[in-house]
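# Observations on the three-dimensional arrangement
Spelled out, the chains give:
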There are 2 protein chains.
Amino acid sequence: MDIGEIARRSGVSRSTVSYALSGKRPVSKETRQRIQAVIDELGYRPNAVARALKEGRTRTIGLVIPPASRRLTDLQLGFVASVVDAAARVDLDVLLSPSGGEHDRSFERVVAGRRVDGVIVMEIRLEDDRVTRLRQTGLPFVGIGRTGRPEEMSWVDVDYEMLISRCVHHLADLGHRRIALVNRSAELVASGYGPGHRAQAGFLHTVAERHLEGVQTCCADDAQSGVACVERLLDEHPGLTAIATINEAAIPGMYRALSEAGLTVPDDFSIAGVSAQHWAENLHPPLTAADVPTDELGAHAVEMLIQRIADPDTTHRHLLVAPPISLRGTTGPARARDPLS
Amino acid sequence: MDIGEIARRSGVSRSTVSYALSGKRPVSKETRQRIQAVIDELGYRPNAVARALKEGRTRTIGLVIPPASRRLTDLQLGFVASVVDAAARVDLDVLLSPSGGEHDRSFERVVAGRRVDGVIVMEIRLEDDRVTRLRQTGLPFVGIGRTGRPEEMSWVDVDYEMLISRCVHHLADLGHRRIALVNRSAELVASGYGPGHRAQAGFLHTVAERHLEGVQTCCADDAQSGVACVERLLDEHPGLTAIATINEAAIPGMYRALSEAGLTVPDDFSIAGVSAQHWAENLHPPLTAADVPTDELGAHAVEMLIQRIADPDTTHRHLLVAPPISLRGTTGPARARDPLS
DNA sequence: TTGTAAGCGTTATCAT
DNA sequence: ATGATAACGCTTACAA
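Criteria and cut-off values
- Residues numbered from 1 in each chain as written.
- Chains lettered and ligands numbered in written order.
- Predicted model: local features only at pLDDT ≥ 70, side-chain atom pairs only at ≥ 80, totals over all residues.
- Heavy atoms only, no water.
- Helix = DSSP H or I, 4+ residues; strand = E, 2+ residues; numbered from the N terminus.
- Buried < 20%, exposed > 50% of the residue type's maximum accessible area, 1.4 Å probe, protein only.
- Contact = heavy atoms within 4.5 Å.
- Areas by Shrake-Rupley, 256 points an atom, 1.4 Å probe, with all protein chains shown as cover.
- Phe/Tyr/Trp six-rings, centres within 6.5 Å; stacked < 30°, edge-to-face > 60°.
- Lys NZ or Arg CZ within 6 Å of the ring centre and 35° of its normal.
- UniProt positions renumbered as here; feature names shortened; annotations may be inferred.
- Pairing = 2+ DSSP bridges.
- Axes fitted to C-alpha atoms, helices over the stretch in contact; angles between N-to-C directions.
- Buried area = accessible area lost by both parts, 1.4 Å probe.
- Salt bridge = Lys/Arg side-chain N within 4 Å of Asp/Glu carboxyl O.
- Polar contact = N/O pair within 3.5 Å; in protein donor to acceptor, adjacent residues only side chain to side chain.
- Nonpolar A, V, L, I, M, F, W, Y, C, P; charged D, E, K, R; others polar.
- Least-squares fit on C-alpha atoms with pLDDT ≥ 70 in both.
- Near = heavy atom within 4 Å.
- Parallel < 35°, antiparallel > 145°, perpendicular 65-115°, else oblique.
- Left-handed = near helix turned anticlockwise from the far one by under 90°.
- Expected span 1.5 Å × (residues − 1).

Looking only at helices and strands, chain A features 14 helices and 12 strands. Dimensions along the principal axes, computed over C-alpha positions, put chain A at roughly 90 × 40 × 30 Å. Out of the 341 residues in chain A, the part that is buried amounts to 54%. Taking contacts inside chain A between residues at least 6 apart in sequence as the whole, the part at least 24 apart equals 70%. When the accessible surface of chain A is split by element, carbon and sulfur atoms take 51% of a total near 14,600 Å².

As a further point, take the packing of aromatic side chains. Aromatic ring pairs: the centre-centre distance and the angle between the two ring planes describe each pair. The final tally for this structure, using the stated rule, is zero aromatic pairs over all chains. Of note, A:Arg146 hangs over the ring of A:Trp155, and the distance from its end group to the ring centre comes to 5.0 Å.

Attention shifts here to the UniProt feature "domain: HTH lacI-type" (unreviewed entry) in chain A. With numbering matched to this structure, UniProt assigns "domain: HTH lacI-type" (unreviewed entry) to residues 1-55 of chain A. As a span, residues 1-55 of chain A carries 71% helix and 0% strand, and end to end its C-alpha atoms are 20 Å apart.

The next subject is the sheet that holds strand 5 (residues 154-158) of chain B. Pairing within the open sheet is mixed, and its 12 strands lie in the order 11(A)-5(A)-4(A)-3(A)-1(A)-2(A)-2(B)-1(B)-3(B)-4(B)-5(B)-11(B). With partners counted over all chains shown, the strands left at the sheet margins are strand 11 (318-321) of chain A together with strand 11 (318-321) of chain B, one partner each. Pairs of neighbouring strands in the sheet enclose a mean axial angle of 15°, with direction left out of account. Two strands pair when backbone bridges link them, and strand 4 (residues 141-144) of chain B and strand 5 of chain B are joined in this way by three bridges, in the parallel orientation. Residue pairing in the sheet places B:Ile144 in a bridge with B:Val156 of strand 5 of chain B. Contacts from helix 5 (residues 74-89) of chain A reach strand 1 (60-65), strand 2 (93-98), strand 3 (118-122) and strand 4 (141-144) of chain A together with strand 2 (93-98) of chain B, with the element oriented near 180° to strand 1 of chain A.

Our focus in this paragraph is the interface of chain B and chain A. Taken residue by residue, the interface counts 47 residues in chain B and 47 residues in chain A. Of the roughly 4,000 Å² buried at the junction of chain B and chain A (both faces included), carbon and sulfur atoms supply 49%. The largest contributions to the chain B side of the interface with chain A come from B:Val49, B:Asp93 and B:Arg115, which together make up 14% of the buried area. At the junction of chain B with chain A, the criterion picks out 12 salt bridges. In this structure, the salt-bridge partner of B:Arg115 is A:Asp93, at a minimum N-O distance of 3.3 Å. Taken together, the connections running from chain B to chain A amount to 24 residue pairs in polar contact (both at pLDDT 80 or more). Contributing elements (two or more residues each) for the side of chain B that touches chain A: helix 4 (48-55), helix 5 (74-89), strand 2, helix 6 (105-112), helix 11 (223-236), helix 12 (251-260) and helix 13 (277-282) of chain B. Its residues assigned to classes, the side of chain B that touches chain A comprises 21 nonpolar, 10 polar and 16 charged.

Each copy superposes on the other: chain B lies on chain A with an RMSD of 0.1 Å after a rotation of 180° and an axial shift of 0.0 Å. Taken together, the turn and the small shift mark the pair as related by a two-fold rotation axis. Within chain B, B:Leu95 has its C-alpha nearest the rotation axis, a separation of 2.3 Å. With an isologous cut-off of 70% or more, the 100% of interface residues of chain B that recur at the interface of chain A puts this contact in the isologous class.

This paragraph deals with the protein's contact with DNA strand D. Close to DNA strand D lie 27 residues, the nearest being A:Thr16, A:Arg25, A:Ser28, B:Ile3 and B:Tyr44. The protein-proximal atoms of DNA strand D, defined as those within 4 Å of the protein, are 49% sugar or phosphate. A distance of 2.5 Å separates a base oxygen of DNA strand D from a polar atom in the side chain of A:Arg25. Of all the secondary-structure elements, those providing two or more residues to the surface near DNA strand D are helix 2 (14-22) and helix 4 (48-55) of chain A together with helix 2 (14-22) and helix 4 of chain B. A per-element tally of the surface near DNA strand D places helix 2 of chain B first, with four residues. Class assignment for the residues of the surface near DNA strand D results in nine nonpolar, nine polar and nine charged.

With that out of the way, let us pick up the protein's contact with DNA strand C. As a structural note, the neighbourhood of DNA strand C is formed by 28 residues, with A:Ile3, A:Tyr19, B:Thr16, B:Arg25 and B:Lys54 the closest of them. A breakdown of the atoms of DNA strand C within 4 Å of the protein gives sugar and phosphate a share of 47%. A:Arg51 is positioned with one of its side-chain polar atoms (N or O) 3.1 Å from a phosphate oxygen of DNA strand C. The separation between a base oxygen of DNA strand C and a polar side-chain atom of A:Lys54 is 3.4 Å. Among the secondary structure elements, those contributing two or more residues to the surface near DNA strand C are helix 2 and helix 4 of chain A together with helix 2 and helix 4 of chain B.

Here we take up the packing of helix 6 of chain B against helix 7 (residues 129-137) of chain B. Residues and elements named next belong to chain B. Direction vectors running N to C along helix 6 and helix 7 enclose 20°, while the axes themselves pass 11 Å from each other. One element, helix 6, and the other, helix 7, form an angle in the roughly parallel class. Considering how the two elements wind past one another, helix 6 and helix 7 form a crossing that is right-handed. Two secondary-structure elements touch here, helix 6 through Phe 107, Glu 108, Val 111 and Ala 112 and helix 7 through Arg 130, Arg 133, Leu 134 and Thr 137. In the contact of helix 6 with helix 7, the residues fall into four nonpolar, one polar and three charged.

Bringing helix 8 (residues 160-173) of chain A into the picture now. All names here are of chain A. With 14 residues, helix 8 should cover 20 Å at 1.5 Å per step; its first-to-last C-alpha distance of 19 Å lies within 8% of that length. Listed as buried for helix 8 are Tyr 160, Leu 163, Ile 164, Ser 165, Cys 167, Val 168, His 170, Leu 171 and Ala 172. Following helix 8 by one or two positions, Gly 175 has its phi on the positive side, about 100°.

Glancing now at the pattern of salt bridges. Within the structure shown, the criterion is met by 46 salt bridges over all chains. The salt bridge partner of A:Arg105 is B:Asp91, with a shortest N-O separation of 2.7 Å. Taken together, the positions of A:Arg105 in helix 6 (residues 105-112) and B:Asp91 in the loop between helix 5 and strand 2 put the pair across two chains. Given a relative accessible area of 40%, A:Arg105 falls into the partly exposed group. A salt bridge links B:Arg146 to B:Asp157; the nearest nitrogen and oxygen atoms lie 2.6 Å apart. Taken as a pair, B:Arg146 in the loop between strand 4 and strand 5 and B:Asp157 in strand 5 lie far apart in primary sequence, 11 residues in all. Note on accessibility: B:Arg146 and B:Asp157 belong to one class, buried. A single network of salt bridges, built from pairs that share partners, joins A:Asp91, A:Asp93, B:Arg105, B:Arg109 and B:Arg115.

Residue and element names in this part refer to chain B. The end-to-end C-alpha separation of helix 5 is 22 Å, in line with the 22 Å expected for 16 residues at 1.5 Å each. Most of helix 5 is tucked away: 12 of the 16 residues are buried. By the burial criterion, the buried members of helix 5 are Asp 74, Leu 75, Gln 76, Leu 77, Gly 78, Phe 79, Val 80, Ser 82, Val 83, Val 84, Ala 86 and Ala 87.

Attention shifts here to the environment of B:Asn183. Residues and elements named next belong to chain B. Relative to the elements of secondary structure, Asn 183 occurs in the loop between strand 6 (178-182) and helix 9 (186-190). Separated by 39 residues in sequence, Asn 183 and Ile 144 place their C-alpha atoms 19 Å apart. Apart from residues lying up to four places away in sequence, Asn 183 is in contact with Val 189, Gly 196, Gln 200, Thr 217, Cys 218, Cys 219, Ile 246 and Asn 247. Within the structure, Asn 183 has its side chain in polar contact with the backbone oxygen of Gly 196 (distance 3.1 Å).

See below:
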């Protein structure tokens, strides 16, 4: 059943049906009602594909997520949820593209095949092939995260440099002198993952500024790795009393390793991080952390994208958030660790 | 730039370009190379929308998820990931539709607008409007979950009835006599959520069979509710020594409430559940649970859907899994609780 | 081996 | 107020 069918049955032309539906030109009340009756009877709905072809837009946005095979972190999930939610609110559909690996067939399909009006890209690297490709095609896009030349694109991002710096300051204020940064996975950081590098930068300059002893390490995004990471840290750096981290997925493991080493948090050891709010709250003990407002960021990304789709030549907009650190249960005054315990 | 542009520049007709691309009819080596050169130079990619209109299929499947606003459980996330993954593997894109609430505009758009070739629906109720609607439209679909008349549709599902029954048997074998079932939220169950009802059925008949004292309760899908739920349970049923549950999101809260009540797991209290494997493993202590193979289920759902798309009239297929219970750290021999402690 | 042309279901520009 | 008709970009009979 197509628009022609409706036209025939209501005794009007196809254009009249189209106009009755869109309201873009006046249609007499009687014909409109007659058409509507037929539509209701047959349950007709315009074919979105045909409309997209004709109109040159799909009313769909692409969301480029990390490959689904490796589990997404809670923060990433928060972004996905908020983008989907914000898009649904303005009647946009979301096409998922799990990309970032090598042969991004899905990415190419979505982007080069013009299946979408614009794209939101997650987990951006300082040098990012997908961004390069998007720029080539001219398809409007917004990053959740930014490249090394951030002026040249629209993005929303978390100010990891600032946040880690604040964490370190906070820990230093509590008297901690030996502090570790637990970063995301080594591969991710090596591949130029922005937050990893910026967290590192924030860590280094604050450690220097406060004359602390800083050690940084990478850790894969899971609890087991968190355990191994902290065990190694405690072993190699007996004087360590605190951790700052952007690796939320590893935190439960850190807790475990600490407690198995006989250390209580926050009495013997402090942890401060960057995380999704509900995640931080639901940990036990609840994590002292900067709560990333994923909802706000995702909604803004969608809004920016819509604007770029409407007018691709507007100047780029940026949103960098540095939420305050919420004091919860994992940071306290430094207490010297007995290297033999 | 369209296929006509490529045709012009290579001095052939548009159909030749199309055939050179699809290989559906032989094209001489020279012309093919000439065409390919032009394509490479201009970076041409066929417009997926036009192709979809012509071919009558979109090479896209819809995935109907619970509204993104209320957080998805780990199990749900596991399904989403595995569907996206399985679809990507066979070059299908996934269009997300957060539906199930009241105003399912997104669902209507996707389904009635024929934006997809088929749909996978999550969180199916015993009576499900979306299933009814899909049946009306004739669009191929597969459920992750099943309605009250499961023969009439294709689905994959977890045998919650069997699994909860096994949990209860396991706990009974360990000597527990007073056992609670912690279900999903009251609204969900009231709305006819299949797993909730089937878990209940399994619980009731096994409790009867083993002559146990069973109490069932609902609990929202979050840690806080888990705390409240267990507090109430301990308060109202002093003899309770074990819980069986399908509410994974509430488990961290249950742990907390138990430990705050001075009860250790599994020495004083046992818990057995149904959950995603990594979730069960990463809890502390790791949860004795039936590990739902989300990967297998998601992949099967996609495979079934592809088959139904290819031949909408094949008989319905079903996959009901009842993974074994993995013994981990949360179940042990019953020990009488001191009602005054 | 290649070209011509119809048609997928819309929307929108002309007419009337 | 309404109708005829030309696109949108592609695939695929049907011809040559």
